[in-house]
Structures are given as C-alpha cells and as structure tokens.
Amino acid sequence: MANTWWELKILCEPDLEDSIFWRLETFGCRGTAIESKGNSSLLKAYLPSFQAQLLDLSALSLWLRQDALCIGLPSPLLHWNLIDEEDWSSSWKQYWQPQDIGDRFLINPAWLPLPASSERLVIRLDPGVAFGTGNHATTQLCLESLEMRLSAIPDSFIGTENKKDSLVIADIGCGSGILSVGAILLGAKKVYAVDNDPLAVKSTLSNRTLNDINSERLIPALGSVDVLTKIIDQPVDGIVCNILADVIIELIPEMAAIIKPSTWGIFSGILLEQSKAVADVLEQNGWVVATLWKRKEWCCLNARRS
Ligand SMILES: C[S@@+](CC[C@H](N)C(=O)[O-])C[C@H]1O[C@@H](n2cnc3c(N)ncnc32)[C@H](O)[C@@H]1O
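Since this is a predicted model, take the numbers as computed values, not measurements. (Residues numbered from 1 in each chain as written. Predicted model: local features only at pLDDT ≥ 70, side-chain atom pairs only at ≥ 80, totals over all residues. Heavy atoms only, no water.)

A few words now on the side chain of Asp195. By the element assignment, Asp195 lies in strand 9 (residues 190-195). A polar contact is formed between the side chain of Asp195 and the backbone nitrogen of Cys174, at a distance of 3.2 Å. Ignoring sequence-local partners within four residues, the contact set of Asp195 consists of Gly173, Cys174, Gly175, Ala200, Val201, Ala221, Leu222 and Gly223. (Helix = DSSP H or I, 4+ residues; strand = E, 2+ residues; numbered from the N terminus. Polar contact = N/O pair within 3.5 Å; in protein donor to acceptor, adjacent residues only side chain to side chain. Contact = heavy atoms within 4.5 Å.)

As a further point, take the confidence of the model for the protein chain. Across the protein chain, pLDDT averages 89, with 91% of residues at or above 70. Overall, residues 156-160 carries pLDDT values under 50, and its contacts beyond four positions in sequence, including any with other chains, amount to four contacts. Here the predicted complex scores 0.77 on pTM and 0.99 on ipTM. (pLDDT = per-residue confidence, 0-100.)

Attention now moves to the environment of Cys299. Here Cys299 shows up in strand 14 (residues 298-304). Put simply, Cys299 and Leu43 are 256 residues apart on the chain and 22 Å apart in space, counted from C-alpha to C-alpha. If near-sequence neighbours (up to four positions away) are discounted, Cys299 is found in contact with Leu141, Phe267, Ser268, Gly269, Ile270, Leu271, Leu272, Ser275, Leu292, Trp293 and Lys294.

Before going further, it helps to examine the sheet that holds strand 12 (residues 259-271). Spatial ordering of the open sheet is given by 10-9-8-11-12-14-13, a layout of seven strands whose pairing is mixed. A single partner strand is all that each edge strand has here, and the edge strands are strand 10 (218-222) and strand 13 (288-295). When the angles between neighbouring strand axes are averaged without regard to direction, this sheet yields 15°. In this structure, strand 11 (residues 236-242) lies alongside strand 12, joined through six bridges in parallel fashion. Across the sheet, Ile239 pairs through a bridge with Gly265, a residue of strand 12. Each of strand 8 (168-172), strand 9, strand 10 and strand 11 is contacted by helix 5 (residues 178-185), which is oriented at about 175° to strand 9, the strand it contacts most. (Pairing = 2+ DSSP bridges. Axes fitted to C-alpha atoms, helices over the stretch in contact; angles between N-to-C directions.)

Structural data, given as structure tokens:
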C-alpha cells in the first residue's frame, strides 16, 4: 500500500502565518507551503499519517484557535485529509518558486531549470521532507549572516589562519543542508552538518550531490554536538545553529568542546521574546553577542568568542 500523508489546509489571517507555521513545525509537519487567497492566506502542510491520530489533529486545531484568540484575530479554519505519497510530493512543490536571499543567494528548487544567467550563488535544493527551503525567516537570517561573515571581508584582511578558504564550519540542525551548501558556495573549506533527524541527514546528502559538492567538504552526520566532538579533526571556526531557543540553550555548554578562541556563531530559530534568555546563556558561556538581526517575530544572534 502507498504511504499516506495528512494534508492540512489552514485558511487564516496573514498576520497569523508565522505563529501557525511555528505550530505546524512543532507538530512535526514537513513541506509547508503558502498561497494567497484574497485577503486571507492558505497554508498547507504535510505529515506522515502514522505520526498523528485524529485526536492529535483536533488538538492542533484547538491550539491554532487559542493562538489566534490570544492576539485578538479570527480563528483559522483547519481542514485535513489523507493523500498518498505521490500526491504529496507534487502538491507542495508547485508553490515553491526560485527565491533570492540576501545579496548573494538564489534558492532554486531542484526540479526547476537553472536561471540562464545569474550573478548570485545558486543553491539547488530538494528538501524532501526536511526543514529548510529558504522560505522561513530564520533560514534567511542565517544565510544573510553567513554572507556577512564570509563575504564582507576580503581574504587579505582576515589573516592567514582565518582565510575564508580554510574555514571549517559546523551546521547544527542542518535540515535540508541549505546553510551548509550556502557556506560552501561562499568559500568555506569544510562544513560538518549534523541533525538528529535521519531524514534531514539524507536530505543534506542528496543536496550535497545536487550542488556538486565534494564529499570531503560537506560531511553530514546523524546526531548533535556530541557527534561533532567525535567527527571533527580540529575546533571549528564558525557555528551556524538554527534550531529552537530551548534546544540552543541546552546545546551551548556542549559547544565549548568544538570551538576555539576566535570561533564565531550564528544562532537562530529564536523568537524575539526568547532572545534575552539565549543571549544570557551565550554570555555565561564565554560568547560575546555582537548583533541581533530580526525578521518578523524571529531573530538571529551573531556572536563571537573574543
Ligand atoms: C528549523 S530546522 C533548520 C534547518 C536548516 N538548518 C535551516 O536553517 O533551514 C531545525 C533542524 O534541527 C534539527 N534538530 C532539532 N533538535 C536538534 C538537536 N538537539 N541536535 C541536532 N539537530 C536538531 C531538526 O531535526 C531540524 O532539522
């Protein structure tokens, strides 16, 4: 029998989009898409059917209504139905279009032709069921921060030991591998990409191939910081970590084992109201938080050790 998926369709006020995406992500949805419907937004999200029972979907519906109520907006309408795998893979892909991010990147869905000419660094992507299409504000903030870290300063200004083409980076919570691929395209020498979801590791591996990246330059592995401590052969120059504030807070002390005095860090997946808690833990663990970039209700902390 074909694998089946829940297709969730949510009609909502545009102002609710981000909080709903947040709920869907926490609920375990993959392959989210969005469509404008007049003054409303239609969000679609997909979830392997075995991951949720009808009761879970009812609970999700209740949370969505409560979230809307809290900020005084009309309740979103949630509908669900079962579809087979084949329909799933085509349903959300049709809404995903090439997208410029920052000054340097263009995200190109794997099934669409490459642009005839582009001065941008093209990240070809098929996220499969992993998070990381480039649509989410936190992914964009991380890519823009990487751009700032890796392309703002010419090699000649950053000293031999920090030359861009010798930079080793850890991508913690790599998802589709979008940030790892971006870092390599910007000139990093090597990226170790870890995720505790096997499907994310699989997706990063296939996106490595899709972008013709040598297997010695992008090294995906199942796990988290503990695994990095075993697979890296030297402390990393940079960390990019787009997970959730609570998880980042837990991982920060462990990161001490993979860094050196000059390591920089890009931390996102953090809601604005959580930024102080994350910044406090970073500072208690020897980081200096240099900037906070925000988009919608999300933020990204750029930090360094010295
Ligand atoms: C928000 S997604 C980020 C994906 C991609 N890096 C991006 O920026 O679009 C977070 C990812 O972190 C992974 N994750 C969650 N907790 C983790 C942990 N403790 N260690 C490693 N990965 C984790 C999830 O499986 C998910 O793929």
